[in-house]
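Overview (structure and organization)
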Amino acid sequence: VLCIPSPFFQASSAKGISHPPLCPLGIKCGGVLSAPSGNFSSPNFPGLYPYETECTWLIVVAEGSSVLLSFSHFELEYHDACAYDYLQVYNGASRDRGNLLGTFCGHSPPPSFSSAWHVMAVVFRSDRHVAKHGFAAAYQKGIREGWQWQSICLSILFHHAHHHCLLADACGGQLTGLSGEITSPRYPESYPNDAECRWSIGGAGSGPLTLVFADFQMEGGQGCGFDYVALFDGPTVTAPRLGRYCGSTRPPRIISSTPHLLIIFKSDFNIGGRGFKAHFYSAGECQEVFTAIKGNFSSPRYPNFYPNNLKCQWSIHLPPGYRVKVFFLDLELEGRSSLTGGCDYDHLSAFDGGTENGALLGRWCGRESLAPVTSHSNQLLLVLHTDRNTAKRGFSIAYVG
């Protein structure tokens, strides 16, 4: 990105007002960072960053490894919703809400991040008022001391200095997106021995979190004393324990009672398994209630593929006397069963009223262009079911009373 001077800055300078220039000539920001490690910072750092600037850094490391990102300095204009100047971190290259790990501003540095795969995107945006000193960040594939959570590599190197530590063994981290995916190291290949990973999920919303395991295969044993996944209803191990799982039976759907969830994965010195893959999402991503006269919403991660094993509900509740009219802007789900011809796999259903006991207004799957649907009452409920296999783009919906 090459910054271009703006007439706004020229006019301000003519009046004798001293401001950092808007995208001063020759200042570049953003780009693709493909070295195994590196540093980057806001334009002009440690000076004041320019106005009306947008920079995107795409970090790409070796396939099969994670991107580890940390911030040594952070100072942006503050707003309680980060609506002015902000920095966003994305888990992957796609800038959609499902991949967003967090949006940050003010003086508190973001936490350290570990991506779920080998690509991470960082976006910096400034408006035309108030400039600060910006940020400085470092990234690398592999292990970096001082991260909030130990990675497997650090544990292996500490206990077994002769052990070759694979880059793909990096795991754990603090995840603040509305939804995301986590896997055991090396998944779907067998996870390493003597591993410990901790994922702390939360911070993006105020509602509970749902965790769904799409795949699970670990060493079994009575009491899960060898290899296991432990879940806690909060950010630390002092929170109530939601379960401890091992073997080859997928754990049940887990719903926290707080906006935080801690996941711990441990393996012992022998016998492994394929490990696990799990999806998480917040209530704001998959369980919403709308009371405004009009609005819109979409399936989790739309327009990217939605997660498997979901049950999401969107309830529209308008004042008495209103009816709800729903418009399908886009719909692409798993297709109909070849045996029954019905929507037996992934499907979207609409019910008249606020519960699934209401009259069924429609049930859809596949890729269809649908006519609008109107409720008979002032309430309408939409329910999305997805199974453990095939995923598609999902849907985008608008409604009006």
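Residues numbered from 1 in each chain as written. Predicted model: local features only at pLDDT ≥ 70, side-chain atom pairs only at ≥ 80, totals over all residues. Heavy atoms only, no water.

Taking an unreviewed UniProt entry as the reference, the protein is identified by name as CDCP2 protein belonging to Neodrepanis coruscans.

1. Comments concerning the nonpolar core
Stated formally: Nonpolar cores are built from buried Ala, Val, Leu, Ile, Met, Phe, Trp, Tyr and Cys residues. Side-chain atoms within 4.5 Å join them into one set. Think of it in three bands: residues with accessible area under 20% of the maximum for their type are buried, residues over 50% are exposed, and the middle band is partly exposed, with areas taken using a 1.4 Å probe on protein chains only. Where helices and strands are cited, they refer to DSSP runs of H or I of at least four residues and of E of at least two residues respectively, numbered from the N terminus. In this document the domain limits rely on a domain assignment from an automatic tool or a database.
Of all hydrophobic cores here, the largest spans 52 residues; its most connected members are F40 and L69. Ranked by residue count, the leading element in this core is strand 13 (residues 209–217), at four residues. Built from parts of two domains, this core gets at least three residues from each of domain 1 (29–142) and domain 2 (172–282).

2. As for the sheet that holds strand 27 (residues 394–400)
To summarise the sheet geometry, strands pair through backbone hydrogen bonds and adopt either a parallel or an antiparallel arrangement. Rules: Strand pairing requires that DSSP identify at least two bridges connecting the strands.
Spatial ordering of the open sheet is given by 20-27-22-25, a layout of four strands whose pairing is antiparallel. This sheet does not close on itself; its edge strands, each paired only once, are strand 20 (294–298) and strand 25 (373–374). With five bridges connecting them, strand 20 and strand 27 associate as antiparallel partners. Counted as the bridge partner of N296 is A398 from strand 27.

3. Things to note about the sheet that holds strand 10 (residues 173–175)
Note the cut-off: What counts as an axis is a line fitted to C-alpha atoms, over the stretch in contact for a helix, and the angles between N-to-C directions run from 0 to 180 degrees.
If you walk across this open sheet you meet the five strands as 10-12-17-14-15, and the pairing is mixed. On the outer flanks of this sheet lie strand 10 and strand 15 (241–245), each paired with one strand and no other. Direction aside, the axes of adjacent strands within the sheet are offset by 15° on average. Strand direction decides the pairing type here: strand 12 (residues 196–202) and strand 17 (residues 260–266), joined by seven bridges, are antiparallel. Across the sheet, residue G202 finds its bridge partner in strand 17, namely H260.

4. Comments concerning the state of the cysteines
Condition: By disulfide we mean two sulfur atoms from cysteines, separated by a distance within 2.5 Å.
Applying the stated rule across the entire model yields four disulfides. At a sulfur-sulfur separation of 2.0 Å, the disulfide partner of C29 is C55. On the sign convention where negative is left-handed, the bridge of C29 and C55, at about -90° about the S-S bond, is left-handed. With a gap of 26 residues between them, C29 in the loop between helix 1 (7–14) and strand 1 (31–33) and C55 in strand 3 (residues 54–60) connect regions that are remote in the sequence. Across the pair, exposure class does not vary: C29 and C55 are buried alike. Between the sulfur of C82 and that of C105 lies a disulfide, 2.2 Å long from S to S. One disulfide, between C82 and C105, carries an S-S torsion of -80° and so falls in the left-handed class. Here C105 lies in the loop between strand 6 (100–104) and strand 7 (113–114) and C82 lies in the loop between strand 4 (68–75) and strand 5 (86–90), a separation of 23 residues in the sequence.

5. Concerning the pairing of strand 4
Burial within strand 4 is extensive, with six of its eight residues counted as buried. Judged from the two bridges that link them, strand 4 and strand 7 form a sheet pairing that is antiparallel. Paired with L69 across the bridge in strand 7 is F113. Summarising the sheet, strand 4 and strand 9 (residues 134–140) pair through seven bridges and their orientation is antiparallel. Its bridge partner lying in strand 9, F71 is registered against A137.

6. Quick notes on unusual backbone geometry
Note that the residue after F45, namely P46, is joined by a cis bond; omega there is 10°. Take P46: it is sitting in the loop between strand 2 (37–41) and strand 3. With omega at 5°, the peptide bond leading from Y187 into P188 counts as cis. Within the element layout of this structure, P188 appears in the loop between strand 11 (179–183) and strand 12. Of note, the phi angle at N44 is positive, near 80°, even though the residue is not glycine. Examined against the element boundaries, N44 turns out to sit in the loop between strand 2 and strand 3.

7. Notes on the pattern of salt bridges
Stated formally: Any carboxyl oxygen of Asp or Glu that lies within 4 Å of a side-chain nitrogen of Lys or Arg is treated as forming a salt bridge with it.
Under the criterion given, the structure shown has seven salt bridges. Two residues, E52 and R128, come together in a salt bridge whose shortest N-O distance is 3.9 Å. Of this pair, E52 sits in the loop between strand 2 and strand 3 while R128 is found in the loop between strand 8 (119–125) and strand 9, placing the two residues 76 residues apart along the sequence. Looking at E52, the relative accessible area reads 33%, which means it is partly exposed. One salt bridge connects R274 with D215, and the closest N-O pair in it is separated by 2.8 Å. Linking R274 in the loop between strand 17 and strand 18 (275–282) with D215 in strand 13, this pair joins segments that are 59 residues apart in sequence. A relative accessible area of 29% places R274 in the partly exposed class. The class of D215 is buried, set by a relative accessible area of 13%. Through salt bridges with shared partners, a single network forms among D330, E332 and R393.

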